[in-house]
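Inside the fold
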Amino acid sequence: MTAADSTALKRAAAVRAVEEVRSGMVVGLGSGSTAELAVEALGRKVESGLEILGVPTSEQTRRLATRFRIPLAPAKEVPVIDLTIDGADQVERKTLAMVKGLGGALLREKIVASASKRMIVVVDQSKIVDNLGGATPLPIEIVSFGWQRTIGRLADLGLAPTLRQAGRRPFVTDGGNLIADCAIPRIDEAKRLDQELSALTGVVETGLFLEFASTVIVGVIVGGQVGLEELER
Ligand code: A5P
């Protein structure tokens, strides 16, 4: 799949998800290239009169939404959200469990997802898998104080963590934390793993989003054309 194909699939999924937004809604605005296409589509609708309040999941999305003049809730307030539209790094077909956080926004994304009545996830077909894990690492947000010790604990669990870098420095999240990317060949017991990781001192949040997605809209190529598949939980 070329980059242009991938963008067309992401855009088709994003535009379809935005059709679900109505005036008066509080809308969670996801992070990453696919969610940004949804923000762009929402921005066009806001310009034409759609009235919403947005809740961005990252500073990058906040800047983009501001550029499109989407009214935003203050950062300290996360109201009850009617609908969140966000991307994902992996979606398990049969459960809609997800890995998120390759973009580094997993903590705010999970706070927003937790406050949402409904979450539509928008992806291209490359994100749909039979089992989580494998080629996509599991991002885990950790506090910077004592990070080597926390990484050591993750290594003791056999998760092969590496500290995410941004050039020559550690990548720092919007919350001022670091990310450990864990190589896990196959995640079979996601709930148990999530609980085990969340209980570790120094871990802020995991990139496992297990029971959040209500609907996953997948951009697919069918017979050489852009199509959509919708998966429901
Ligand atoms: C951001 O932290 C991630 O959870 C994103 O949702 C994820 O990386 C998807 O990004 P793309 O839409 O760019 O693949």
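What you see is a predicted model; the values in this text were computed from it and never measured. (Residues numbered from 1 in each chain as written. Predicted model: local features only at pLDDT ≥ 70, side-chain atom pairs only at ≥ 80, totals over all residues. Heavy atoms only, no water.)

Focus on the overall build of the protein chain
- Each helix and strand in the protein chain was counted, giving six helices and 16 strands.
- What you see for the protein chain is a C-alpha radius of gyration of 17 Å, in line with the 17 Å of a compact globule of 233 residues.
- Overall, the C-alpha framework of the protein chain stretches about 55 × 45 × 35 Å when taken along its three principal axes.
- Here the protein chain, with 233 residues, has 52% of them falling under the buried criterion.
- For the protein chain, the proportion of contacts with a sequence separation of at least 24, taken over those separated by at least 6, is 73%.
- In the form shown here, the protein chain has an accessible surface area of approximately 11,100 Å², with 51% of it arising from carbon and sulfur atoms.
- For the protein chain, the distance from the average position of its 28 positive side-chain charges to the average position of its 29 negative side-chain charges is 4 Å. (Helix = DSSP H or I, 4+ residues; strand = E, 2+ residues; numbered from the N terminus. Rg over C-alpha atoms; globule rule 2.2 N^0.38 Å. Buried < 20%, exposed > 50% of the residue type's maximum accessible area, 1.4 Å probe, protein only. Contact = heavy atoms within 4.5 Å. Areas by Shrake-Rupley, 256 points an atom, 1.4 Å probe, with all protein chains shown as cover. Lys, Arg positive; Asp, Glu negative; His and termini not counted. Charge placed at Lys NZ, Arg CZ, Asp CG, Glu CD.)

Points about the pattern of salt bridges
- Taken as a whole, this structure holds 17 salt bridges when the rule is applied.
- Asp82 is paired through a salt bridge with Lys117; the nearest N and O atoms lie 3.2 Å apart. Here the residue Asp82 occupies a position in the loop between α3 (59–67) and β3 (83–86), and Lys117 occupies one in the loop between α4 (106–114) and β6 (119–124), the gap between them amounting to 35 residues.
- The class for Lys117 is exposed, based on a relative accessible area of 61%.
- Where salt bridges share partners, they join Arg16, Glu19, Glu20, Arg118 and Glu230 into one cluster. (Salt bridge = Lys/Arg side-chain N within 4 Å of Asp/Glu carboxyl O.)

Structural notes on the packing of aromatic side chains
- The full count for this structure, using the stated rule, is one aromatic pair.
- It is Arg164 that lies over the ring of Phe171; its NZ or CZ is 5.4 Å from the centre. (Phe/Tyr/Trp six-rings, centres within 6.5 Å; stacked < 30°, edge-to-face > 60°. Lys NZ or Arg CZ within 6 Å of the ring centre and 35° of its normal.)

Some details on the site of the ligand
- Around the ligand sit 17 residues in total, of which Ser33, Thr34, Asp89, Glu109 and Lys127 are the nearest.
- Between the ligand and Ser33, the relevant distance is 2.5 Å, taken from an oxygen atom to a side-chain nitrogen or oxygen of the residue.
- In the environment of the ligand, an oxygen atom lies 2.9 Å from a nitrogen or oxygen atom belonging to the side chain of Lys100.
- Burial of the ligand by the protein chains amounts to 90% of its free accessible area of 370 Å².
- Elements supplying a minimum of two residues to the shell around the ligand: α2 (33–47) and α4. (Near = heavy atom within 4 Å. Polar contact = N/O pair within 3.5 Å; in protein donor to acceptor, adjacent residues only side chain to side chain.)

Some words on the sheet that holds strand β9 (residues 161–163)
- The strand order across the open sheet built from four strands is β9-β12-β8-β13, with neighbouring strands paired in antiparallel fashion. Each of the sheet's edge strands pairs with one partner strand only, and the pair in question is β9 and β13 (203–206). With strand direction ignored, the average angle separating the axes of adjacent strands in the sheet is 30°.
- Relative to strand β12 (residues 178–182), β9 runs antiparallel, the two being bridged by three bridges. By the bridge assignment for β12, Leu163 is matched with Ala180.
- Those strands touched by α4 are β8 (138–142), β12 and β13, and its axis lies near 65° from that of β13.
- Packing of helix α5 (residues 147–156) onto the sheet brings it into contact with β8, β9, β12 and β13, and relative to β9 it is tilted by some 160°. (Pairing = 2+ DSSP bridges. Axes fitted to C-alpha atoms, helices over the stretch in contact; angles between N-to-C directions.)

Some details on the environment of Leu157
- Position of Leu157 relative to the elements: it lies in the loop between α5 and β9.
- Linking Leu157 and Leu197, residues 40 residues apart in sequence, is a C-alpha distance of 9.3 Å.
- Here Leu157 is in contact with Glu196, Leu197 and Leu200, once residues within four sequence places are set aside.

Some remarks on the sheet that holds strand β15 (residues 215–222)
- If you walk across this open sheet you meet the six strands as β2-β1-β3-β6-β15-β16, and the pairing is mixed. What marks the edges here is a single partner per strand, and that holds for β2 (53–56) and β16 (225–232). Strand-to-strand, the axes of this sheet are offset by a mean angle of 20°, without reference to chain direction.
- Bridge analysis of β3 against β6 gives three bridges, and the strand direction is parallel. Pairing of Asp86 across the sheet is with Val121, part of β6.

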